[in-house]
Amino acid sequence: MTKVVINEDDKNVLQQFLNENRPAELVNTYLCFIENKFKLQPVLFPKEKKIFQSAEEAVKILEKNGALWHETEIKIGFSNEAVNELTTKVYICPFTGKVFGNNTHPNPQDAIYDWVSKCPENTERHGGLRVKRFFISEDPEVIKNYMSKIKHKEPIKKVVFSSVLSGKLFNSKEAVIEDFKKNYLKRVSLVEVQNQNRFEIEDQFLAFIQKQLAEEKITSFVEALAEIDEFVPYVERWVE
């Protein structure tokens, strides 16, 4: 049996957990130890009802499945009247690059609907009518593209990234990922992960948890705690 080593940092984390969770159960205390030992940061992705070992792991898996971002091309038409330094959200015509800013138009969403429904370059049809398709972005880097001081006779093309979850445009993959981490993931503890049955645990993370919950590992943990005076009362209660 591999001997468990409880360092000073582990002791502090365990002591805090035991003080805040009276009376703390053995398995929950052990999971607290495992989370700290392996520096785990589990996250819940509510949309897919799935728990991942970390935000980075969630991004890695979703990117592999093409479920995080798509590469897309936009046209950029320039208008100082439509976009300025105070603009925080833009509505973009994918056919001409015409843009409406949230601070330069009284109702930009209605305006873009009206524009794409009549846009002569919109050749997409559904039921004989022009498709009312457009882009939305709140990424400052995308918005800056529409504030160029250099005048172009024709709109220029640029590759950007579209969030699969929101459909919004971002200037880079990194910006999509940061938006995903900030707005779509919720940090949860390992104890919460184990004590729930509403959400699926990602396969590799589940296998890791099951491996750590082996009886001999928990026994070794208890034996290590029994050698530290301040934890002896807890060990005695668990043994009883």
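Since the structure is predicted, the reported quantities are computational estimates derived from the model, not experimental observations. (Residues numbered from 1 in each chain as written. Predicted model: local features only at pLDDT ≥ 70, side-chain atom pairs only at ≥ 80, totals over all residues. Heavy atoms only, no water.)

## Overview of unusual backbone geometry
Selection criterion: Under the DSSP-based scheme used, a helix requires at least four consecutive residues in state H or I and a strand at least two consecutive residues in state E, with every element numbered from the N terminus. Each residue is assigned to one of three classes by its accessible area relative to the maximum for its type, calculated with a 1.4 Å probe on protein chains only: buried under 20%, partly exposed between the two thresholds, exposed over 50%.
Cis geometry marks the peptide bond from Arg 22 to Pro 23; its omega dihedral reads -10°. Mapping Pro 23 onto the fold places it in the loop between α1 (8-20) and α2 (26-37). In this structure, Lys 39 is a non-glycine residue whose phi angle is positive, near 55°. Its identity is not glycine, yet Lys 49 carries a phi of approximately 55°, on the positive side. By relative accessible area, which is 52% here, Lys 49 ends up exposed.

## Comments concerning the pattern of salt bridges
For clarity, the cut-off: Here, a salt bridge means any side-chain nitrogen of Lys or Arg that lies within 4 Å of a carboxyl oxygen of Asp or Glu.
If you walk through the whole model with that rule in mind, you get 12 salt bridges. Lys 11 is the salt-bridge partner of Glu 8, the closest N and O atoms lying 3.7 Å from each other. Here Glu 8 pairs with Lys 11, and both are found in helix α1, just 3 residues apart, close to one helical turn. The closest approach of N and O atoms between Lys 11 and Glu 230, which form a salt bridge, is 3.7 Å. With Lys 11 in helix α1 and Glu 230 in the loop between α9 (215-226) and α10 (232-239), the pair connects residues that are 219 residues apart, well separated along the chain.

## Description of the environment of Val 116
Let me state the cut-off plainly: Every residue pair with non-hydrogen atoms within 4.5 Å of one another is taken to be in contact.
Structurally, Val 116 can be placed in helix α4 (residues 108-118). Sequence separation between Val 116 and Cys 93 is 23 residues; the distance between their C-alpha atoms is 6.6 Å. Beyond its immediate chain neighbours, meaning those up to four positions away, Val 116 contacts Cys 93, Pro 94, Asn 122, Arg 130, Val 131, Lys 132, Arg 133 and Phe 134.

## Re the sheet that holds strand β2 (residues 50-52)
Threshold: Paired strands, in this sense, are two strands between which DSSP finds at least two bridges.
As summarised here, the arrangement of the 4 strands in space is β11-β1-β2-β12, forming an open sheet in which the pairing is mixed. Whereas interior strands pair on both sides, the edge strands pair on one side only; in this sheet they are β11 (186-187) and β12 (200-201). By the bridge criterion, 2 bridges tie strand β1 (residues 43-45) to β11 in an arrangement that is antiparallel. Bridging across to β11, Val 43 finds its partner in Arg 187.

## Some details on the packing of aromatic side chains
For clarity, the cut-off: Two rings from Phe, Tyr or Trp (for Trp, the six-membered ring) form a pair when their centres are within 6.5 Å of each other. A pair whose planes differ by under 30 degrees is stacked, one over 60 is edge-to-face, and the rest are tilted. By definition here, charges over rings are those cases where NZ of Lys or CZ of Arg is within 6 Å of the ring centre and within 35 degrees of the ring normal.
For the structure shown, the criterion picks out 10 aromatic pairs. Relative to Phe 180, the ring of Phe 45 lies with its centre 5.3 Å away and its plane at 85°, an arrangement referred to as edge-to-face. In this pair, Phe 45 is assigned in strand β1 and Phe 180 in helix α6 (residues 173-184), connecting sequence segments 135 residues apart. With respect to burial, Phe 45 and Phe 180 carry one shared label: buried. With a centroid separation of 5.5 Å and an interplanar angle of 85°, the aromatic rings of Trp 69 and Phe 161 are classed as edge-to-face. Residue Trp 69 is found in strand β3 (residues 69-76), and its partner Phe 161 is found in strand β9 (residues 156-163); the two are separated by 92 residues along the sequence. Since its relative accessible area comes to 22%, Trp 69 is described here as partly exposed. Given a relative accessible area of 11%, Phe 161 falls into the buried group. In this structure an aromatic cluster arises from ring pairing among Tyr 30, Phe 33 and Phe 221. Directly above the aromatic system of Trp 115 lies the positively charged group of Lys 98, at a separation of 5.1 Å from the ring centroid.

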